[in-house]
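Results of the structural survey
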Amino acid sequence: MRRTAPATLLALILAGSLPAAALEGPAPAAPGTTAPAASGKPRIVIVATGGTIAGAGADAANSATYQAAKVPVDKLIAAVPAIAGVAEVRGEQAFQIASESFTNAQLIQLAKQVSALVKRDDVDGVVVTHGTDTVEETAYFLDLVVKTDKPIVMVASMRPSTAISADGALNLLDAVVVAGARDARAKGVLLTMNDEIQAGRDSTKRVNIKPSAFFSQWGPLGMVVEGKTYWFRAPVKRHGTTSEFDIDTIDALPDVAIVYGSGNMHPEPYTTAVAGGAKAIIHAGTGNGSVAGYLVDTLKDLRSKGVQIIRSSRVGDGFVLRNAEQPDDKYDWVVAHDLNPQKAKILAAVALTKTQDSKELQRIFWEY
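Residues numbered from 1 in each chain as written. Predicted model: local features only at pLDDT ≥ 70, side-chain atom pairs only at ≥ 80, totals over all residues. Heavy atoms only, no water.

When helices and strands are counted, the protein chain shows 11 helices and 14 strands. Across the 368 residues that make up the protein chain, the buried fraction comes to 52%. The long-range share in the protein chain, meaning contacts at least 24 apart out of those at least 6 apart in sequence, stands at 73%. In the form shown here, the protein chain has an accessible surface area of approximately 15,500 Å², with 54% of it arising from carbon and sulfur atoms. (Helix = DSSP H or I, 4+ residues; strand = E, 2+ residues; numbered from the N terminus. Buried < 20%, exposed > 50% of the residue type's maximum accessible area, 1.4 Å probe, protein only. Contact = heavy atoms within 4.5 Å. Areas by Shrake-Rupley, 256 points an atom, 1.4 Å probe, with all protein chains shown as cover.)

Written out as structure tokens, the structure is:
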């Protein structure tokens, strides 16, 4: 006999049988309001973009086969009644997409939406629901360009809401707890999954089939246990109000390409990316961002034509040393330090909205 999903989840999320009042968050106060919430609870806005946390499968046994971005934000909130006990919450639907489909234009749109929310006196924190595939890029982008000390918390799930042992409900509750916590302020954009509080800058997806998917080589910032935050370290890189970047002044991002290093490479991926409009190349090199000897002239030629060459590494941990493996000073190249290729791509795109100078780019890679 075909198994069905647990009634408690499916009835709330898919059947649509909840009364309308149960699906609506509190009405937003007028901009400029300074009075605290009557309940004394933090006021949190959940901005939904889709992803697995809003996904649904045909069967409760489907944890990896499902359709992402099916459940709207009101039903996500209603499916976690415990949220009402920790915060006053309302939802906004930014997008309803799988995160691999995010574009630069959508990154900018989302950042402007979040920036407008955190400027409001009646908003104490923001939670962004997102797909796991690119949540680390979005988290880092928001970390760089939204100038606030209010908590911005990314949340995702590895299993759809219809699956046995779905992880989204607890992840979402934890995200709301963190977004409403005063001790989460000024720590940059955060990611809450699997009971951990990760720095959005550092965290990366390393596993694609388990709830314990996200790691940072520097370790989590803290944990959420039974609705309480516990902190163990704090970020030191520039972010939020200390960042020199501001989404209010950014309306487009330059194209940045990643070329993955391996044995027996060819120059065409680099030259084709530039022909397609790339202003910078992230070389995801082997080891210490190594560049094959037979590719050096190609990258030197591209740099002479104004394309920025940024050495990152395909290795999961560690960082790229400047002037090790390649004479970066001589070739006028940049190193990505400890940023993986996809995060280096985000920082390069943001930095290129300010400067084309390679020395300035290197400074930015050291500081952020």
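Further notes follow.
Moving on, we come to the packing of aromatic side chains. Enumeration according to the criterion identifies 3 aromatic pairs in this entry. Judged by centre distance (5.3 Å) and plane angle (50°), the ring pair of Phe245 and Tyr368 falls under tilted. Here the residue Phe245 occupies a position in the loop between β10 (228–231) and β11 (256–260), and Tyr368 occupies one in the segment after α11 (358–367), the gap between them amounting to 123 residues. Centre to centre, the rings of Tyr331 and Trp333 are 4.8 Å apart; their planes meet at 55°, and the pair counts as tilted. Classification of Tyr331 as buried rests on a relative accessible area of 16%. Under the relative-accessibility criterion, Trp333 is labelled buried at 1%. The ring of Trp231 carries Lys187 above its face, with NZ or CZ at 4.6 Å from the centroid. Over the aromatic face of Tyr230 sits the side chain of Lys228, whose NZ or CZ is 5.6 Å from the ring centroid. (Phe/Tyr/Trp six-rings, centres within 6.5 Å; stacked < 30°, edge-to-face > 60°. Lys NZ or Arg CZ within 6 Å of the ring centre and 35° of its normal.)

Moving on, we come to α11. The complete set of buried residues in α11 reads Ser358, Leu361, Gln362, Ile364 and Phe365. The buried residues of α11 occupy an angular sector of 160° when the element is viewed end-on, so they sit on one face. Buried positions along α11 lie against α8 (296–304), β13 (308–313), β14 (334–335) and α10 (341–351). Between the side-chain oxygen of the N-cap and the backbone nitrogen of Lys359 there are 3.1 Å, and the N-cap of α11 in question is Asp357. (Arc of directions from axis to C-beta. Polar contact = N/O pair within 3.5 Å; in protein donor to acceptor, adjacent residues only side chain to side chain.)

Right, let's get into the nonpolar core. Counting residues in hydrophobic clusters, the biggest one holds 56 residues, and the most contacted among them are Phe141, Val145 and Phe365. Once residues lying within four places of it in the same chain are set aside, the contact partners of Val145 are Ala111, Phe245, Asp246, Ile247, Ile250 and Val350. Residues Val71, Val177, Ala181 and Leu221 belong to the second largest nonpolar core, which totals 30 residues. (Core = buried A, V, L, I, M, F, W, Y, C linked by side-chain atoms within 4.5 Å.)

Attention now moves to the pattern of salt bridges. Tallied over the entire structure, the rule returns 19 salt bridges. Residue Arg206 is joined to Asp317 by a salt bridge in which the shortest nitrogen-to-oxygen separation is 2.4 Å. Taken together, the residues Arg206 in the loop between β7 (204–205) and β8 (214–215) and Asp317 in the loop between β13 and α9 (328–331) connect sequence positions 111 residues apart. A relative accessible area of 39% places Arg206 in the partly exposed class. Using a relative accessible area of 39% as the deciding quantity, one classes Asp317 as partly exposed. Across the salt bridge formed by Arg363 and Glu360, the nearest N and O atoms sit 3.0 Å from each other. Residue Arg363 and its partner Glu360 are both found in helix α11; the two are separated by 3 residues, about one turn of the helix. Judged by its relative accessible area of 21%, Arg363 falls in the partly exposed class. (Salt bridge = Lys/Arg side-chain N within 4 Å of Asp/Glu carboxyl O.)

It is worth spelling out the environment of Asp357 at this point. On the secondary structure map, Asp357 appears in the loop between α10 and α11. Considered as a pair, Asp357 and Gly306 are 51 residues apart in the sequence and their alpha carbons are 9.7 Å apart.

Our focus in this paragraph is the sheet that holds strand β12 (residues 280–285). Taken in spatial order, the 4 strands of this open sheet run β11-β12-β13-β14, and their pairing is parallel. Bordering the open sheet on either side are β11 and β14, each of which pairs with just one other strand. One ladder, built from 2 bridges, connects β13 with β14; its direction is parallel. Paired with Ile310 across the bridge in β14 is Val334. The strands touched by helix α7 (residues 268–275) within the sheet are β11 and β12, with β12 carrying the most contacts at an inclination of about 155°. (Pairing = 2+ DSSP bridges. Axes fitted to C-alpha atoms, helices over the stretch in contact; angles between N-to-C directions.)

Tracing the backbone through its elements, the reader meets Thr49 in strand β1 (residues 43–50). A distance of 2.6 Å separates a polar atom in the side chain of Thr49 from the backbone oxygen of Thr129.

Keep in mind these numbers describe shape, not what the thing actually does.
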